[in-house]
Amino acid sequence: MGPGANDPRGELVRPYAVTRGRTEPRSDIALEAVLLTTPGGRQEARFVGHDKQRIAGLCDNRALSLAEIAAYTRLPLGVARVLVADMVGDGLLALHEPALAHGYQDRMDLLERVLSGLRRL
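Described in the following lines is the structure provided in the data block. (Residues numbered from 1 in each chain as written. Predicted model: local features only at pLDDT ≥ 70, side-chain atom pairs only at ≥ 80, totals over all residues. Heavy atoms only, no water.)

1. Topic: the nonpolar core
(1) Moving on: Ranked by size, the top nonpolar core spans 20 residues in total, and within it Leu35, Ile55, Cys59, Ile69, Val84 and Leu93 carry the most contacts.
(2) Moving on: At the level of secondary structure, the elements contributing two or more residues to this core comprise helix 3 (50–58), helix 4 (66–73) and helix 5 (77–89).
(3) Moving on: A total of six residues in this core trace back to one element, the largest contributor, which is helix 5.
(4) Moving on: The contacts of Leu93, once residues within four sequence positions are left out, are Leu35, Leu36, Thr37, Thr38, Ile55, Cys59, Val84, Met87 and Val88. (Core = buried A, V, L, I, M, F, W, Y, C linked by side-chain atoms within 4.5 Å. Buried < 20%, exposed > 50% of the residue type's maximum accessible area, 1.4 Å probe, protein only. Helix = DSSP H or I, 4+ residues; strand = E, 2+ residues; numbered from the N terminus. Contact = heavy atoms within 4.5 Å.)

2. Digging into the sheet that holds strand 2 (residues 64–65)
(1) Moving on: Taken in spatial order, the three strands of this open sheet run 2-1-3, and their pairing is antiparallel. Each edge of the sheet is formed by a strand with only one pairing partner; in this case those strands are strand 2 and strand 3 (93–96).
(2) Moving on: Of the strand pairs in this sheet, strand 1 (residues 34–37) and strand 3 are connected by four bridges, and their pairing is antiparallel. Residue pairing for strand 3: Val34 is matched across the bridge by His96.
(3) Moving on: Relative to strand 3, helix 5 is tilted by about 105 degrees, and along the sheet it contacts strand 1 and strand 3. (Pairing = 2+ DSSP bridges. Axes fitted to C-alpha atoms, helices over the stretch in contact; angles between N-to-C directions.)

3. Side note on the packing of helix 3 against helix 4
(1) Moving on: Packing of helix 3 against helix 4 brings their axes to within 11 Å, and their N-to-C directions diverge by 120 degrees. In terms of orientation, helix 3 and helix 4 fall into the oblique class. Relative to helix 4, the crossing made by helix 3 is right-handed. Here Arg54, Ile55 and Leu58 of helix 3 come into contact with helix 4, specifically with Ile69, Tyr72 and Thr73. (Parallel < 35°, antiparallel > 145°, perpendicular 65-115°, else oblique. Left-handed = near helix turned anticlockwise from the far one by under 90°.)

Okay, here's the thing in structure tokens:
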């Protein structure tokens, strides 16, 4: 390990730097929203930075939720949300919003399935 490897500031500074200090996404994206890399995203991914390139690679031919993207990239959820919203806005990712639940129980069932999937990661 290099010098400062145990410095906790490194974990705080990097997410801030990744989002250029932004904490709010361009648009609100649900935790369970499904994302896929667009054809344009495949072509442009190598030019958009390391983290966005990783996200585009994960979602290429494989639909993932925002929660799964955060888990696979090991990015804090807020950081992943900002990056994904940017990528959707730039046309790099296609957003497929979840169907609106028709009641409290439907919504709870969906959230339990998402939580169960996250635990299996």
